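Residues per chain are reported as follows:
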Amino acid sequence: MQRELTLEFCLPAGDYDWAHLALLIWPHRVVRAAHKDRSIAIAHGLDVNLWHEVKIKNTSKTWRVTAKVEWQPRELSEKELDAIVAKVKIGAIGSDNAAQAEVVNG
């Protein structure tokens with residue numbers, strides 16, 4: 001009983017989206033949070049699917065061009081995010097998701 005109450009009232013606030021168990025319980029919310037926050041994506045092994053490196057060229061006042069690499073979220077539609085959620089649910093992507101699902105589902 002206490003476990004169910006904790007899951008219903010404490011975790012849904014989004015405070016523990018980085019936890020591996022959260023990906024199994026709320027994959028829709030966690031994938032969307034990982035799309036906004038790279039540290040959550042890294043924690044769940046979704047960074048390759050949700051983020052990419054972008055080279056940004058910068059021109060200084062002396063016309064010197066420099067380039068820096070920056071991580072940015074991929075431009076994904078809701079349909080593409082739902083496809084990633086579906087893959088997470090079946091254990092095709094995500095960090096140790098298949099092993100965790102096997103333990104949870106018995």
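Keep in mind it's a predicted model, so treat the numbers as computed, not measured.

Draft legend 1. Examining the overall build of the chain more closely. Counting its regular elements, the chain contains seven helices and two strands. Each helix and strand of the chain, placed in order from N terminus to C terminus, yields the pattern α-α-α-α-α-β-β-α-α. Restricting to contacts in the chain with at least 6 residues of sequence separation, those with at least 24 account for 39%. A total accessible area of about 7,600 Å² is found for the chain, and carbon and sulfur atoms account for 56% of it.

Draft legend 2. The environment of Val-30, seen in detail. Its location among the elements puts Val-30 in helix 3 (residues 27-36). Each C-alpha atom, one on Val-30 and one on His-20, is 9.7 Å from the other, the two residues being 10 residues apart in sequence. With near-sequence residues (within four places) excluded, Val-30 lies in contact with Asp-17, Ala-22, Leu-23, Ile-40 and His-44.

Draft legend 3. Main features of the nonpolar core. Core analysis: the largest hydrophobic core is formed by 17 residues, its most contacted members being Leu-23, Val-31, Ala-34, Leu-46, Leu-50, Ile-84 and Val-88. Those elements that provide at least two residues to this core are helix 2 (20-25), helix 3, helix 4 (38-44) and helix 6 (78-90).

Draft legend 4. How the structure looks around the side chain of Asp-17. For Asp-17, the position within the fold is in the loop between helix 1 (2-9) and helix 2. A relative accessible area of 6% places Asp-17 in the buried class. A polar side-chain atom of Asp-17 sits 2.7 Å from a polar atom in the side chain of Arg-29. The contact partners of Asp-17, leaving out residues within four places of it in the chain, are Ala-22, Arg-29, Val-30, Ala-33, Ile-40 and His-44.

Draft legend 5. Highlighting the pattern of salt bridges. Under the criterion given, the structure shown has four salt bridges. As a salt-bridge pair, Asp-17 and Arg-29 come within 2.7 Å of each other at their nearest N and O atoms. One end of the pair, Asp-17, is in the loop between helix 1 and helix 2; the other, Arg-29, is in helix 3, with 12 residues separating them in the sequence. For Glu-70, the salt bridge goes to Lys-68, with nearest N and O atoms at 3.9 Å. Given a relative accessible area of 29%, Glu-70 falls into the partly exposed group. Here Lys-68 falls in the exposed class, since its relative accessible area comes to 51%. The network of salt bridges with common partners includes Arg-32, Glu-78 and Asp-82.

The rules behind these values
Residues numbered from 1 in each chain as written. Predicted model: local features only at pLDDT ≥ 70, side-chain atom pairs only at ≥ 80, totals over all residues. Heavy atoms only, no water. Helix = DSSP H or I, 4+ residues; strand = E, 2+ residues; numbered from the N terminus. Contact = heavy atoms within 4.5 Å. Areas by Shrake-Rupley, 256 points an atom, 1.4 Å probe, with all protein chains shown as cover. Core = buried A, V, L, I, M, F, W, Y, C linked by side-chain atoms within 4.5 Å. Buried < 20%, exposed > 50% of the residue type's maximum accessible area, 1.4 Å probe, protein only. Polar contact = N/O pair within 3.5 Å; in protein donor to acceptor, adjacent residues only side chain to side chain. Salt bridge = Lys/Arg side-chain N within 4 Å of Asp/Glu carboxyl O.

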